[in-house]
Amino acid sequence: MLITAEIISALRLMARIVISRPIVILTRSCYTSDFLCSDFNKTGTHMPLAERVLTGDIRAAARLMRDIDDNRPQAIDDLKQIYPRTGKAYIIGITGPPGAGKSTLVDQLTAAFRTQGKKVGVVAIDPTSPFTGGAILGDRIRMNRHATDEGVFIRSLATRGALGGLSRSTADVALVMDALGMDIVIIETVGVGQDEVDIVKAAHTTCVVMVPGLGDDIQAIKAGILEIGDIFVVNKADRDGADRTARELSTMLEFRAAPEGSWNPQVLKTEAQRNTGIDELVREILLHREHLISSGSINDFLRERNERHFTDILRDSLFKRALEHMAADATLERIVTGMCDHTIDPYSAAEQVLAGILERR
Ligand SMILES: Nc1nc2c(ncn2[C@@H]2O[C@H](COP(=O)(O)OP(=O)(O)O)[C@@H](O)[C@H]2O)c(=O)[nH]1
Ligand SMILES: [Mg+2]
């Protein structure tokens, strides 16, 4: 009897595996879509990936973003080719604490820009989900109504494994969206650390999203977040204390020493869930854009952003080169062993590794 029961349960398990397999494969193919790997465009002719992106081919863009994620060397060649044709998209950063309603707001902003005929790319970054993260999936579901709209391209980036390189991969993904012809690129990130601050610094306009009821905690908001905000949004204005939070934020902003003629950040109230206050937010974003252009501060902004982008790439390349150099003859192990018995100091070791790379050139 026991054996029969075991056999039955084993058969059940096998049946479940057999049934579930195709489902798993289908689900995977929705996201990682191997059919995206095809190098043929809609007309069936062969065309380099970068060129396909530049003609607005969404599948090619998804493929290139995956290559960027996987650190494929070919991705760099493609980025080189698209770069000269970028610089047209307007980048909006949305940052704030988890649960503030950022994704809901991004969804409404996307809809608002779509009614103006603008194509919208969204990059959602969520450091709270280091693995496959429910929140990232949540963003996808929340943005689902745009899923069939060819004028909207949504991409989630996990911070896993990115170790400091996140601002760079975000910048690269934003470039691909720009090359694809997206007029607006919205970057959503949780405002928790320096990495996230760096990410939104790449945006032309940064909106900091808060919620009512922060009370005295508002004092604890990192000064860095206050500094980067071009627009402050008190979302969930349907909740008690929205006016108070908005007033407190305005007061804090008034105390900032801002140079004459510089942009004066406003505090807006929204109810993202009910689409209230979104048109006002769009208007404020466009006002900030006008200010950047008319005051000429867009030039300083672009110089700063490009310098950061370049130094990020240079740092990455040097580090990669150093790792390769050290891997050739187990240098890293030797340095670490030497440091453990204090016969090697890390400062001289780093100088020597660097000198070794430079000699090779
Ligand atoms: N009461 C209220 N809830 C909202 C509002 N906007 C978003 N939410 C809800 O807040 C929760 C978190 O929203 P989400 O957009 O995922 O926040 P995120 O973590 O900042 O991206 C969700 O359950 C939303 O439905 C709003 O204006 N009022
Ligand atoms: Mg979110």
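Structural notes, computed from the coordinates. In this text, all values refer to a predicted model and were calculated from it rather than measured experimentally.

1. Describing the overall build of the protein
Then, number 1: Scanning the protein from N- to C-terminus turns up 14 helices and seven strands.
Then, number 2: Considering only contacts within the protein whose residues lie at least 6 apart along the sequence, 73% involve residues at least 24 apart.

2. Some details on the nonpolar core
Then, number 1: By size, the foremost hydrophobic cluster in this structure holds 67 residues, and its most contacted members are Val 53, Ala 174, Val 176, Val 185, Ile 186 and Ile 187.
Then, number 2: Looking at this core element by element, the count peaks at eight residues for helix α7 (residues 166-179).
Then, number 3: Apart from residues no more than four positions distant in its own chain, Ala 174 is found in contact with Ile 91, Val 123, Val 185, Ile 187 and Ala 202.

3. With respect to the environment of Ile 82
Then, number 1: Locating Ile 82 in the fold gives a position in helix α4 (residues 73-82).
Then, number 2: Since 21 C-beta atoms lie within 10 Å of it, Ile 82 is described here as buried.
Then, number 3: Separated by 96 residues in the primary sequence, Ile 82 and Asp 178 place their C-alpha atoms 9.2 Å from one another.
Then, number 4: Non-local contacts of Ile 82, meaning those with residues more than four positions away in its chain, are made with Ala 50, Val 53, Leu 54, Leu 175, Val 176 and Ala 179.

4. Here's the deal with the environment of Leu 64
Then, number 1: Tracing the backbone shows Leu 64 in helix α3 (residues 58-69).
Then, number 2: Sequence spacing of Leu 64 and Val 176 is 112 residues, and the spatial spacing of their C-alpha atoms is 7.7 Å.
Then, number 3: Setting aside residues no more than four positions away along its own chain, Leu 64 makes contact with Leu 49, Val 53, Ala 75, Asp 78 and Val 176.

The rules behind each value
- Residues numbered from 1 in each chain as written.
- Chains lettered and ligands numbered in written order.
- Predicted model: local features only at pLDDT ≥ 70, side-chain atom pairs only at ≥ 80, totals over all residues.
- Helix = DSSP H or I, 4+ residues; strand = E, 2+ residues; numbered from the N terminus.
- Contact = placed C-beta atoms within 7 Å.
- Core = buried A, V, L, I, M, F, W, Y, C linked by C-beta atoms within 7 Å.
- Buried ≥ 20, exposed ≤ 12 C-beta atoms within 10 Å, placed from the backbone.

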